[in-house]
Each structure stands twice: as structure tokens, then as C-alpha cells.
Amino acid sequence: MDIDKIDPRLKQALDQATVNSGPIQAVVVVGSPAGSKPLPAAESEQMLRNVVDRACKASKSKPSRLVFFPNVQSFSIEADPKLLRHLLEDDSIDAASLNRAD
């Protein structure tokens, strides 16, 4: 993922996270394959699940909360920082922001 597409507040939350700091909530947008139109909802949800599954396997962790929004190719996730860092390394991620009201 292009580091410039990560919300600075999410970067800060991940940088300040410790082992005992608990989960972080984020909203993640996944891009369509290069040159294609947005995917139908069923295909979009499967793509979103695949992205999350890859990060789960790499981090050996699972999200505590996960909600898919297939019509807009995005999802909300609450997970430990390690899983989120792996997730943000995925090239299919188009944007990510911290999901917290200040």
C-alpha cells in the first residue's frame, strides 16, 4: 500500500501501540483490480475476505470485530496492531483511516 494513503492518525496509533495497548479500529478501502470497474457485491466481499485472511495468516491473529461493506469495497476492522500492519502491507489496499471520533 502507498504509505501516503494511510490516515496520519492511523499511522500515529500504530506507531504508539504497545503489546498491551489493545486493539485499534480502522476503515479500509480495497481497490478494484487494475483497469476494472467496481466489482459486484458478492465478488467484492470475497476479495475483502481474502485480503483479511492473508493478513490473519501472516500475523497469526484474528480481528476482534470485522464488518464488510461490499458495495463500496471496504470494511471496518478492530484488531491488534500487528494484524493491521500486515493488512496495510497488502498491495490491494487503496486507503485506510483510523475509525475513532475525537
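Residues numbered from 1 in each chain as written. Predicted model: local features only at pLDDT ≥ 70, side-chain atom pairs only at ≥ 80, totals over all residues. Heavy atoms only, no water.

A word on the nonpolar core
- Judged by nonpolar contacts, the single largest core of 26 residues is most densely connected at L10, I24, V28, F75, I77, L84 and L87.
- Sorting the residues of this core by element identifies α1 (8–16), β1 (24–30), α2 (41–59), β3 (74–79), α3 (81–88) and β4 (93–98) as the ones contributing at least two each.
- Sorting elements by how many residues they give to this core places α2 first, with 6 residues. (Core = buried A, V, L, I, M, F, W, Y, C linked by side-chain atoms within 4.5 Å. Buried < 20%, exposed > 50% of the residue type's maximum accessible area, 1.4 Å probe, protein only. Helix = DSSP H or I, 4+ residues; strand = E, 2+ residues; numbered from the N terminus.)

A closer look at α3
- Residues of α3 that are buried include every one of P81, L83, L84, L87 and L88, and no others. Angular distribution of buried residues about the axis of α3 spans 160 degrees; they occupy a single face of the element.
- Considering only its buried residues, α3 is in contact with α1, β1, α2, β3 and β4.
- A side-chain oxygen of the first residue of α3 lies 3.0 Å from the backbone nitrogen of K82; this N-cap is D80. (Arc of directions from axis to C-beta. Contact = heavy atoms within 4.5 Å. Polar contact = N/O pair within 3.5 Å; in protein donor to acceptor, adjacent residues only side chain to side chain.)

A short note on the sheet that holds β3
- The strand order β2-β3-β1-β4 describes an open sheet built from 4 strands, whose pairing is antiparallel. Two strands in the sheet have a free side with no partner beyond their single neighbour: β2 (65–69) and β4. Taken pair by pair, the neighbouring strands of this sheet meet at an average axis angle of 20 degrees, ignoring direction.
- Each of β1 and β4 touches α1; the most contacted strand, β4, lies at about 70 degrees to it.
- Those strands touched by α2 are β1, β2, β3 and β4, and its axis lies near 150 degrees from that of β2. (Pairing = 2+ DSSP bridges. Axes fitted to C-alpha atoms, helices over the stretch in contact; angles between N-to-C directions.)

Just geometry here; none of it tells us what the structure is for.
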